[in-house]
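Examining the three-dimensional arrangement
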Amino acid sequence: MTQKLALYIGRLLQCFPRALFAAAKRHGATGVYLAFCEYVLRTIPFPVRLGNWGIVRTRNESMNYFDNFLLEELRCKEVEAAISAAQEDPVVIDLGINTGVTVRWWFSLNPTSKVIGVDMLQETLDYTTGVLRDVPPTGTWVPICCGVGDHVDPEVEISIDSPLEGTSSILGNSGGQRRKIRMDTLDNLIAPLGVKRVTLLKCDIEGFGGYAFKGAPETLKITDYIVTETHDAAETMLISKVLSRAGFVIFRVFGKMLWWCRDSESLATSASPVR
């Protein structure tokens, strides 16, 4: 209890003032209410609508929205401009979608986007499909239920707690629920969709990101930008090794997020340069 109280007070003191200001600036009184719910009450008594982004119903959504977007851990002006300004429907691949907060963000930047959401839990895909009905995009939402790795395995046993909690991992083995999922490579999952160019590949799959990239050499060849959330040293080292060999360099680091783009030599020979 003492540790939980310390974490609560620490988050309240460190994050609440900045989050309150950012939420009020972007959403007015609604933002103030949401910040109070997130950092003080730690629950959402009444759902709120955030303009063309949609409705926040749960604390999992609220926490994700604050950390990643209002506090800007998953913000990058260059990438957002590329998605927003795309003349033809930009493609975003989102690995690890949880409650669909990031999916909604990509659609808010460009409603005509094609967002391919990959998650190993069907509940997350169903939840995201449901919340997208609040603000229907004019683009395309493609949900794919599968674990992503460097090989194919029809039955991988995983252990999770709440499917919508956000920390479920193929590597986890301490959850209260056991189930089996299928695992495939990103190349195998994307190939049937006929994707010619990927504006952004976002990867947040709780420590398994390096293996996902190992199974995606063809997808990486057509990708302009990548953002990865890092969880430990081993994952960070493997991600860096794979992406560096594929011709990507880090151009932005913020919090746990590493942003990658093609190096200048790769861009010079790219069929569709982005810089």
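Residues numbered from 1 in each chain as written. Predicted model: local features only at pLDDT ≥ 70, side-chain atom pairs only at ≥ 80, totals over all residues. Heavy atoms only, no water.

Attention now moves to the packing of aromatic side chains. Inspection of every chain in the model, using the stated rule, returns 8 aromatic pairs. Both rings, one in Phe-16 and one in Tyr-39, keep their centres 6.0 Å apart while their planes meet at 50 degrees; by these two values the pair is tilted. In this pair, Phe-16 sits in helix α1 (residues 2-27) while Tyr-39 sits in helix α2 (residues 29-41), placing the two residues 23 residues apart along the sequence. As far as burial versus exposure is concerned, Phe-16 and Tyr-39 are alike and both buried. For the ring pair Tyr-65 and Trp-105, a centre distance of 6.5 Å and an interplane angle of 55 degrees mean the geometry is tilted. Placement of the pair is Tyr-65 in helix α3 (residues 59-70) and Trp-105 in helix α5 (residues 101-109), with a sequence separation of 40 residues. Taken as a pair, Tyr-65 and Trp-105 share a single burial class, namely buried. (Phe/Tyr/Trp six-rings, centres within 6.5 Å; stacked < 30°, edge-to-face > 60°. Helix = DSSP H or I, 4+ residues; strand = E, 2+ residues; numbered from the N terminus. Buried < 20%, exposed > 50% of the residue type's maximum accessible area, 1.4 Å probe, protein only.)

Ranked by size, the top nonpolar core spans 41 residues in total, and within it Tyr-65, Phe-66, Trp-106, Trp-141, Leu-200 and Trp-259 carry the most contacts. Among the secondary structure elements, those contributing two or more residues to this core are α1, α2, α3, α4 (77-85), α5, β10 (223-229) and β12 (257-262). Ranked by residues supplied to this core, first place goes to α5 with 6 residues. If near-sequence neighbours (up to four positions away) are discounted, Trp-141 is found in contact with Ile-97, Val-103, Phe-107, Val-115, Gly-117, Leu-125, Thr-128, Thr-129 and Leu-132. Among the nonpolar cores identified, the runner-up in size contains 38 residues, and Ala-216, Leu-220, Ile-222 and Ile-226 belong to it. (Core = buried A, V, L, I, M, F, W, Y, C linked by side-chain atoms within 4.5 Å. Contact = heavy atoms within 4.5 Å.)

Right, let's talk about the sheet that holds strand β8 (residues 177-184) for a bit. As summarised here, the arrangement of the 3 strands in space is β6-β8-β7, forming an open sheet in which the pairing is mixed. Of all the strands in the sheet, just β6 (147-148) and β7 (153-160) have a single pairing partner and so form its edges. (Pairing = 2+ DSSP bridges.)

Let's shift gears to the confidence of the model for the chain. Residues with a pLDDT of 70 or more make up 92% of the chain, whose mean pLDDT is 89. For residues 266-275, every residue scores under 50 in pLDDT, and the model assigns this stretch 13 contacts once sequence neighbours within four places are set aside. (pLDDT = per-residue confidence, 0-100.)

By the secondary structure assignment, Thr-185 is in the loop between β8 and α7 (186-190). Reaching out from Thr-185, the side chain makes a polar contact with the backbone nitrogen of Asn-188 at a distance of 3.1 Å. In this view, Thr-185 contacts Gly-149, Asp-150, His-151 and Gly-215; residues no more than four positions away in its chain are not counted. (Polar contact = N/O pair within 3.5 Å; in protein donor to acceptor, adjacent residues only side chain to side chain.)

Turning our attention to the pattern of salt bridges. Scanning the model with the defined rule gives 15 salt bridges in all. The partner of Lys-180 in a salt bridge is Glu-155, with the nearest N and O atoms 3.4 Å apart. Taken as a pair, Lys-180 in strand β8 and Glu-155 in strand β7 lie far apart in primary sequence, 25 residues in all. For the pair Lys-180 and Glu-155, one class covers both residues: exposed. Of the charged contacts in the structure, one is a salt bridge between Glu-218 and Lys-221, with a shortest N-O distance of 3.2 Å. Remark: Lys-221 and Glu-218 occur in helix α9 (residues 217-221); sequence separation between them is 3 residues, near one turn of the helix. Look at Glu-218 and you get partly exposed, because its relative accessible area is 47%. Each of Arg-11, Glu-38, Arg-59 and Asp-67 takes part in salt bridges that share partners, so that together they form one network. (Salt bridge = Lys/Arg side-chain N within 4 Å of Asp/Glu carboxyl O.)

Before going further, it helps to spend a moment on the environment of Phe-36. Considering the arrangement of structural elements, one finds Phe-36 in helix α2. Residue Phe-36 is classed as partly exposed on the basis of its relative accessible area, which comes to 40%. As a C-alpha pair, Phe-36 and Leu-20 span 16 residues in sequence and 7.6 Å in three-dimensional space. Look past the residues within four positions of Phe-36 in its chain and what remains in contact with it is Phe-16 and Leu-41.

Once that is clear, we can look at the packing of α2 against α3. One way to put it is that α2 packs onto α3 with a least axis distance of 10 Å and a crossing angle of 105 degrees. Judged by the inter-axis angle, α2 sits roughly perpendicular to α3. Listed contacts from α3 to Leu-34, Ala-35, Glu-38 and Tyr-39 of α2 are Arg-59, Ser-62, Met-63, Phe-66 and Asp-67. (Axes fitted to C-alpha atoms, helices over the stretch in contact; angles between N-to-C directions. Parallel < 35°, antiparallel > 145°, perpendicular 65-115°, else oblique.)

Bringing the packing of α4 against α5 into the picture now. Between α4 and α5, the shortest axis-to-axis distance is 8 Å and the interhelical angle comes to 60 degrees. Considering their axes alone, α4 and α5 lie oblique with respect to each other. In this structure, α4 contributes Glu-80, Ile-83 and Ser-84 to the contact, and α5 contributes Trp-105, Trp-106 and Leu-109.

Taken residue by residue, α4 has Val-79, Glu-80 and Ile-83 as its buried positions. Down the axis of α4, the smallest arc covering the buried residues is 95 degrees, so these residues share one side. Close packing links the buried residues of α4 with β3 (91-95), α5, β9 (198-203), β10, β11 (248-254) and β12. (Arc of directions from axis to C-beta.)

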